[in-house]
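Residue strings, one per chain:
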Amino acid sequence: MTRKLVWVEQQRFRGWGCAECAWVFNPSGAPTGKSLDEAKRNFELQRDKEFTLHVCADQPRAKNEGTKHEVKQDWEKLYRAAIIEPDRSKVLQRVEVAEGAILERSRSLSSSPANSGKEQEAITRALHILSLLRAKAGD
Ligand SMILES: [Zn+2]
């Protein structure tokens, strides 16, 4: 496996990171050196050394935007399934499953509030609709 050192630009981090995992180069303290060139060289040496030493498998898989997306689609899929369920006897069960997925998603969103406002809104709406469905199913 060839891994690459890549420039990472995120809301909370700008700098060098690994293309394969969540590793980022986080130098402790400012680069040292008598001149800018030397500081830059030291910085790059330290970066390359730490990059070479890190083990991808040990890093949290934080870069998986794809997974985040899947989770999101997951609750939306379950939510839709509850709404379109034609069998009234199954609606309640579908509602419960969807609510569970939504609450779980909501929890993970609240731990990372960045750019989750829109989805949080959708979740609030979905929970409202599900509560209506639940009331109707209980008739
Ligand atoms: Zn890595």
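From a predicted model like this one, the values you see are computed outputs, not experimental measurements. (Residues numbered from 1 in each chain as written. Predicted model: local features only at pLDDT ≥ 70, side-chain atom pairs only at ≥ 80, totals over all residues.)

Participant: So what's going on with the overall build of the protein chain? Which residues, and what values?
Facilitator: Summing up its helical and strand segments, the protein chain has 4 helices and 2 strands in all. The linear arrangement of helices and strands in the protein chain, starting from the amino end, is β-β-α-α-α-α. Scored against the burial criterion, the 139 residues of the protein chain give a buried share of 14%. (Helix = DSSP H or I, 4+ residues; strand = E, 2+ residues; numbered from the N terminus. Buried ≥ 20, exposed ≤ 12 C-beta atoms within 10 Å, placed from the backbone.)

Participant: Which residues make up the pairing of strand 2 (residues 14-18), and what are the values?
Facilitator: Direction of pairing for strand 1 (residues 5-9) relative to strand 2: antiparallel, over a ladder of 5 bridges. Paired with W7 across the two strands is W16, which belongs to strand 2. Linking strand 1 to strand 2, which pair antiparallel, is a turn of 4 residues. (Pairing = 2+ DSSP bridges.)

Participant: Report on the environment of F13, specifying residues and quantitative values.
Facilitator: Along the chain, F13 falls in the loop between strand 1 and strand 2. Taking the C-alpha atoms as reference points, F13 and V24, separated by 11 residues in sequence, lie 8.7 Å from one another. Contacts of F13, omitting those with residues within four sequence positions, involve V8 and V24. (Contact = placed C-beta atoms within 7 Å.)

Participant: For helix 4 (residues 117-137), give the residues involved together with the corresponding values.
Facilitator: Counted at 1.5 Å a residue, the expected span for helix 4 with its 21 residues is 30 Å, and the 30 Å between its end C-alpha atoms agrees. For helix 4, the complete set of buried residues consists of I123, A126, L130 and L133. Buried residues of helix 4, seen end-on, are gathered within an arc of 85° and therefore sit on one face of the element. Of the exposed residues in helix 4, the ones pointing more than 90 degrees away from its buried face are G117, E121, T124, R125, H128, S131, L132, A135 and K136. (Expected span 1.5 Å × (residues − 1). Arc of directions from axis to C-beta.)

Participant: Can you explain the packing of helix 3 (residues 88-110) against helix 4? Please cite residues and give values.
Facilitator: Look at helix 3 against helix 4: their axes get within 10 Å of each other, and the N-to-C directions meet at 155°. It follows from the interaxial angle that helix 3 and helix 4 lie roughly antiparallel. Handedness of the crossing formed by helix 3 with helix 4: left-handed. Contact residues: helix 3 offers R88, V91, L92, V95, A98, E99, I102, R105, S106 and L109, while helix 4 offers E119, Q120, I123, A126, L127, L130, L133, R134 and A137. (Axes fitted to C-alpha atoms, helices over the stretch in contact; angles between N-to-C directions. Parallel < 35°, antiparallel > 145°, perpendicular 65-115°, else oblique. Left-handed = near helix turned anticlockwise from the far one by under 90°.)

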